[in-house]
Amino acid sequence: MPNPSERPRRVRVQRDGPLLIEGPVEVVGEDGEVTVSKRFTVAVCTCRRSRTFPWCDTSHRRRDRRPGEGGAG
C-alpha cells in the first residue's frame, strides 16, 4: 500500500524529446525486462532511436524532420 505522505512522481512531457521522470524509476519493456535507474531525474526515450533504450541518448536531435513536423523548419 502506498505511503500517503509520498508525493506522486512528476513526469514532464516534451514535444520533440524524451519523457523526464523524477527518479528513481523502473521501466518494464515489452518483453518484460525491467531496467532500473536510481538517478534523481531520468530521460525515457519516446522515439526509439536511442542506443541506450529505454534511456534517452539525445538521438532524436540528430534525425531529419519531415515537412510540417514541429519547429520552424
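Each chain has its residues counted from 1, following the order in which its sequence is written. Reporting of local features is limited, given that this is a predicted model, to residues whose pLDDT is at least 70; pairs of side-chain atoms are given and counted only at 80 or more, and all residues count toward the totals for whole chains, interfaces and linings. Just so you know, side-chain values use all the structure's heavy atoms and leave hydrogens and water out.

*Asks:* Can you break down the confidence of the model for the chain residue by residue, with the values?
*Replies:* In predicted models, pLDDT denotes the confidence assigned by the predictor to each residue on a 0 to 100 scale. When pLDDT is averaged across the chain, the result is 82; 78% of the residues are at 70 or more. Every helix listed is a DSSP run of H or I at least four residues long, and every strand listed is a run of E at least two residues long, numbered separately from the N terminus. Model confidence for the chain, summarised as mean pLDDT per element, is weakest for strand β1 (residues 11-12) at 92 and strongest for strand β4 (residues 34-37) at 94.

*Asks:* Go over the sheet that holds β1 with me, naming the residues and quoting the values.
*Replies:* Note on sheets: strands pair through backbone hydrogen bonds, and any given pair is parallel or antiparallel. By the convention used here, strands pair only if DSSP detects at least 2 bridges between them. Spatially, β1-β2-β5 is the arrangement adopted by the three strands of the open sheet, whose pairing is antiparallel. Looking at which strands have only one partner, the edges of the open sheet turn out to be β1 and β5 (41-44). As paired strands, β1 and strand β2 (residues 19-22) are joined by two bridges and run antiparallel to one another. Across the sheet, the residue bridging to V11 is I21, located in β2.

*Asks:* Run through the pairing of strand β3 (residues 25-28), naming residues and quoting values.
*Replies:* Residue alternation in β3 divides its side chains into a buried set, V25 and V27, and an unburied set, E26 and V28. Pairing of β3 with β4 involves four bridges; the strand directions are antiparallel. When the sheet's bridge partners are listed, V27 is paired in β4 with T35. Taking the residues between adjacent antiparallel strands as the criterion, β3 and β4 are bridged by five residues, where G32 takes a positive phi near 90°. In this scheme, a residue with accessible area under 20% of its type's maximum is buried, one over 50% is exposed, and one in between is partly exposed, where area comes from a 1.4 Å probe on protein chains only.

*Asks:* Please provide a residue-by-residue account of the environment of R39, values included.
*Replies:* Inspection of the secondary structure puts R39 in the loop between β4 and β5. Sequence separation of R39 and I21 is 18 residues, and the distance between their C-alpha atoms is 9.7 Å. When checking whether two residues touch, look at their non-hydrogen atoms; a contact exists if any pair is within 4.5 Å. Apart from the residues within four sequence positions on either side, R39 is in contact with G23 and P24.

*Asks:* Got a sec to walk through the side chain of S59? Specific residues and values, please.
*Replies:* Take S59: it is sitting in the segment after β5. For S59, a relative accessible area of 10% puts it in the buried group. Here a polar contact means two N or O atoms within 3.5 Å. Within protein one must be a hydrogen donor candidate and the other an acceptor candidate, and residues neighboring in sequence count only if both atoms are side-chain atoms. Reaching out from S59, the side chain makes a polar contact with the backbone oxygen of R49 at a distance of 3.4 Å. Within the structure, S59 has its side chain in polar contact with the side chain of D57 (distance 2.5 Å). Discounting chain neighbours no more than four positions away, the residues touching S59 are R49, S50 and R51.

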